[in-house]
Amino acid sequence: MIKNFKLVVRKILNFIRKIIFLFSNFFFFLFCKYIKKPSVVYLGSINHSNLGDHAICISALKLMKNHGIKCVDIMQRELTKNFEKWIERKRICIALRGCGNIGNVWLREEEFHRYVIKRFPNNKILFFPESIFFTEDDLGKKESLISSKIYSSHRNLTIFVRDKISFERALNLFDRKIIRLVPDIVFYLRDTIKKKEHKNLEKVLFLIRNDKETNKENSKILHELIEYFKIQNVDVEISNTISSKRIIGRTSRNRYLNRFFAKMLSADLIVTDRLHGMIFSYCLDIPFIAFDNSNKKVKSSFEWIQNSGYGVFYTGQTDFLTLIEKSFSCKGCSKFDFSSIIASIKK
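Source: prediction; values computed, not measured. (Residues numbered from 1 in each chain as written. Predicted model: local features only at pLDDT ≥ 70, side-chain atom pairs only at ≥ 80, totals over all residues. Heavy atoms only, no water.)

Caption draft 1: Highlighting the overall build of the chain. When you go through the chain residue by residue, the secondary structure sums to twelve helices and 13 strands. Expressed as lengths along the three principal axes of its C-alpha atoms, the size of the chain is roughly 65 × 60 × 45 Å. For the chain, the residues scored as buried account for 54% of the 347 residues in total. Look at the contacts in the chain between residues 6 or more apart in sequence, and 75% of them connect residues 24 or more apart. Looking at the chain as shown, the accessible area adds up to about 17,500 Å², and 53% of this sits on carbon and sulfur atoms. The distance from the centre of the 61 positive side-chain charges to the centre of the 35 negative ones in the chain is 11 Å. (Helix = DSSP H or I, 4+ residues; strand = E, 2+ residues; numbered from the N terminus. Buried < 20%, exposed > 50% of the residue type's maximum accessible area, 1.4 Å probe, protein only. Contact = heavy atoms within 4.5 Å. Areas by Shrake-Rupley, 256 points an atom, 1.4 Å probe, with all protein chains shown as cover. Lys, Arg positive; Asp, Glu negative; His and termini not counted. Charge placed at Lys NZ, Arg CZ, Asp CG, Glu CD.)

Caption draft 2: How the structure looks around the pairing of strand β2 (residues 71-75). Along β2, five of the five residues are buried, which leaves the element largely enclosed by surrounding structure. Going residue by residue along β2, you find Cys 71, Asp 73 and Met 75 tucked away on one face and Val 72 and Ile 74 tucked away on the opposite face as well. Bridge count for strand β1 (residues 40-45) against β2 is five bridges, and the pairing is parallel. When the bridges of β2 are listed, Leu 43 appears paired with Ile 74. In this region the chain leaves β1, passes through helix α2 (residues 51-66) and returns to the parallel neighbour β2; the handedness of that crossover is right-handed. (Pairing = 2+ DSSP bridges. Right-handed = clockwise from strand over helix to strand, strands pointing away.)

Caption draft 3: Representation of helix α12 (residues 339-346) in the model. Those residues of α12 that fall on the buried side of the exposure criterion are Ile 341, Ile 342, Ser 344 and Ile 345. One face of α12 carries all of its buried residues, which in axial projection span an arc of 160°. Buried residues belonging to α12 abut β1, α2, β5 (125-130) and β7 (157-161). (Arc of directions from axis to C-beta.)

Caption draft 4: The packing of α2 against helix α8 (residues 253-265), seen in detail. Contact pair α2 / α8: the axes reach a minimum separation of 10 Å and the direction vectors enclose 120°. The pairing of α2 with α8 is recorded here as oblique in orientation. In this structure, the crossing between α2 and α8 has a hand that is left-handed. For the pair α2 and α8, contact is made by Leu 51, His 54, Ala 55, Cys 57, Ile 58 and Leu 61 and by Arg 253, Asn 254, Tyr 256, Leu 257 and Phe 260, respectively. Per-class residue counts for the contact of α2 with α8 are eight nonpolar, two polar and one charged. (Axes fitted to C-alpha atoms, helices over the stretch in contact; angles between N-to-C directions. Parallel < 35°, antiparallel > 145°, perpendicular 65-115°, else oblique. Left-handed = near helix turned anticlockwise from the far one by under 90°. Nonpolar A, V, L, I, M, F, W, Y, C, P; charged D, E, K, R; others polar.)

Caption draft 5: Local environment of the sheet that holds β2. Read across the open sheet, the six strands follow the order β2-β1-β3-β5-β7-β8; overall the sheet is parallel. If you trace the sheet from one side to the other, it starts and ends with β2 and β8 (179-181), each paired once. Taken over all neighbouring pairs, the strand axes of this sheet differ in orientation by 20° on average, direction set aside. Bridge count between β1 and strand β3 (residues 93-96): four bridges; the pairing is parallel. Paired with Val 41 across the bridge in β3 is Ile 94.

Caption draft 6: Molecular detail of the sheet that holds strand β12 (residues 288-290). Taken together, the five strands give an open sheet; going across it, the order is β10-β9-β11-β12-β13, and neighbouring strands pair in parallel fashion. Each edge of the open sheet carries a strand with a single partner, namely β10 (235-239) and β13 (311-313). Strand-to-strand twist of the sheet, defined as the mean angle between neighbouring strand axes without regard to direction, takes the value 15°. Relative to β13, β12 runs parallel, the two being bridged by three bridges. Each residue of the ladder has a partner; that of Phe 288, found in β13, is Gly 311.

Caption draft 7: Summary view of the pattern of salt bridges. Taken as a whole, this structure holds 16 salt bridges when the rule is applied. Note that Asp 53 and Arg 97 form a salt bridge whose closest N and O atoms lie 3.8 Å from each other. Taken together, the residues span a long stretch of sequence, with Asp 53 in helix α2 and Arg 97 in the loop between β3 and β4 (102-103) at a distance of 44 residues. The pair formed by Asp 53 and Arg 97 is uniform in burial state, with each residue classed as buried. A salt bridge links Arg 253 to Asp 73, with the shortest nitrogen-to-oxygen separation between them at 3.4 Å. Linking Arg 253 in helix α8 with Asp 73 in strand β2, this pair joins segments that are 180 residues apart in sequence. Judged by relative accessible area, which is 3%, Arg 253 ranks as buried. Sharing partners across several salt bridges, the network here consists of Asp 73, Glu 78, Arg 250 and Arg 253. (Salt bridge = Lys/Arg side-chain N within 4 Å of Asp/Glu carboxyl O.)

Right, here's the structure in full:
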């Protein structure tokens with residue numbers, strides 16, 4: 001009896017949530033159409049707990065705003081028929097979020113890309129900086145052919161990739177004319193956030209991933225490094241770039257990201273196998289040791305900052321002391337150019 005009652009209550013609550021979403025989304029649509037009147041729709045904005053993805057959204061929106069581009073960000077679930085018809089009729093430029101999800105590792109995201117490209121054949125579409133990775137098995141080969149065919153069918157598509165490995169993969173899949181190489185968009189945050197004041201090594205923060213992109217060999221080294229610091233009586237904290245808050249909306253993403261930055265600034269060294277763990281460390285001037293993930297995107301993105309001296313990339317060294325010393329050898333920051341993205345939008 002109690003079980004059935006709980007089930008009924010859950011269904012009622014889900015129904016109420018659905019009604020609230022439909023009403024709020026309709027008013028959001030009216031706001032976009034009649035008040036905001038954007039020239040760009042930033043599509044695929046997220047509300048999940050990955051702070052790296054939120055940093056991507058913040059950076060992309062800030063870049064466009066700073067260059068006078070009127071933009072509205074729309075989540076995948078908010079893309080209703082009203083929105084689709086309005087975007088199509090007004091020929092509004094579509095900027096897809098960017099991340100590391102062109103490929104079959106995160107296939108649901110790739111299927112959304114395909115849907116947008118097919119649904120809006122006459123709109124200008126561009127991908128904010130992406131990583132590309134299709135697995136070498138039969139599934140990966142099958143999905144890469146599907147994506148290649150769909151992407152190539154669009155007449156006004158530009159794909160910005162964020163590392164050289166993805167650039168080479170893109171050349172094998174798409175027309176060279178639509179591919180551009182730029183850094184990860186989160187590097188744009190570097191000049192806008194508080195920096196770390198260097199001091200002695202007292203605390204190390206590990207930002208370690210635990211998902212389908214985990215590099216198992218490096219995972220073993222990471223745990224050895226944790227034990228090494230503990231033996232040296234260094235304070236060790238193990239965390240992630242995933243927030244404990246399951247849902248983070250567009251109005252609160254800055255707050256949660258700043259809280260995480262404060263947590264990182266409490267450490268004197270970051271050890272991470274997460275791409276944005278590395279990029280956050282660089283932007284905050286925190287020395288770091290970066291380890292690669294399974295699809296090489298950490299290593300590829302490290303190439304953008306390898307001469308800055310703000311951190312070091314693990315390539316198989318077992319001498320942890322040398323690795324730590326190198327991570328503290330700050331030399332200066334790299335310069336990043338995102339003008340090609342702005343030019344592509346305004347063209």
